Amino acid sequence: MAIDPNFDENREVVDSHEGHDVWGPVDEPETQGIHGTHVAVDFDVCIADGACVEDCPVDVFEWVDTPGHPESERKADPANEIQCIDCMLCVDVCPVDAIDVDSSR
Ligand code: SF4
């Protein structure tokens, strides 16, 4: 299942992490929610493929460990989402459509 592109209407911010919002529900370790707002990564969809981490030209993503999560035990965290230049590369390369980038958010 891909990230919900309307998550900011369908979910609520329940936490913050490394300076970005976390959108619920969160019930760790199995349910991790969506990290980020401008650059949003659905941690419950992410399989830690790593293409976004490697390809982002401005190093928005950093690995964060998520032990016990059923999809993968680390996630691409949009720790530096403020640096995003809206190239959409990460959205294009993600094999499971876990990322949504929206310049209006
Ligand atoms: S849209 Fe481009 S600059 Fe922004 S996070 Fe994705 S790869 Fe990085």
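Definitions and cut-offs
- Residues numbered from 1 in each chain as written.
- Predicted model: local features only at pLDDT ≥ 70, side-chain atom pairs only at ≥ 80, totals over all residues.
- Heavy atoms only, no water.
- Pairing = 2+ DSSP bridges.
- Helix = DSSP H or I, 4+ residues; strand = E, 2+ residues; numbered from the N terminus.
- Phe/Tyr/Trp six-rings, centres within 6.5 Å; stacked < 30°, edge-to-face > 60°.
- Lys NZ or Arg CZ within 6 Å of the ring centre and 35° of its normal.
- Patch = residues over 30% accessible without salt bridge, like charges linked within 9 Å, V, L, I, M, F, W, Y side chains within 5 Å.
- Areas by Shrake-Rupley, 256 points an atom, 1.4 Å probe, with all protein chains shown as cover.
- Salt bridge = Lys/Arg side-chain N within 4 Å of Asp/Glu carboxyl O.
- Lys, Arg positive; Asp, Glu negative; His and termini not counted.
- Charge placed at Lys NZ, Arg CZ, Asp CG, Glu CD.

A.B. asks: How should the pairing of strand E1 (residues 13–17) be read in this particular structure?
C.D. replies: Working note: regular strand, side chains alternate between the two faces of the sheet. Alignment of E1 against strand E2 (residues 20–23), held across 4 bridges, turns out to be antiparallel. Note that in E2 the partner of Asp15 across the bridge is Val22. The antiparallel pairing of E1 with E2 creates a hairpin that spans 2 residues between the two strands, and Glu18 there sits at a positive phi of about 55°.

A.B. asks: Looking at this model, I keep getting lost on the packing of aromatic side chains. Mind explaining?
C.D. replies: Each aromatic ring pair is specified by the distance between its two centres and by the angle formed by the two planes. This model, assessed by the stated rule, comprises 1 aromatic pair. Above the plane of the ring of Trp63 lies Arg74, whose end atom (NZ or CZ) is 3.7 Å from the centre.

A.B. asks: What should I look at first to understand a negative patch on the surface in this one?
C.D. replies: Judged by side-chain charge, Asp15, Asp27, Glu28 and Glu30 come together as a negatively charged surface patch. Relative to the helices and strands, Asp27 resides in the loop between E2 and strand E3 (34–35).

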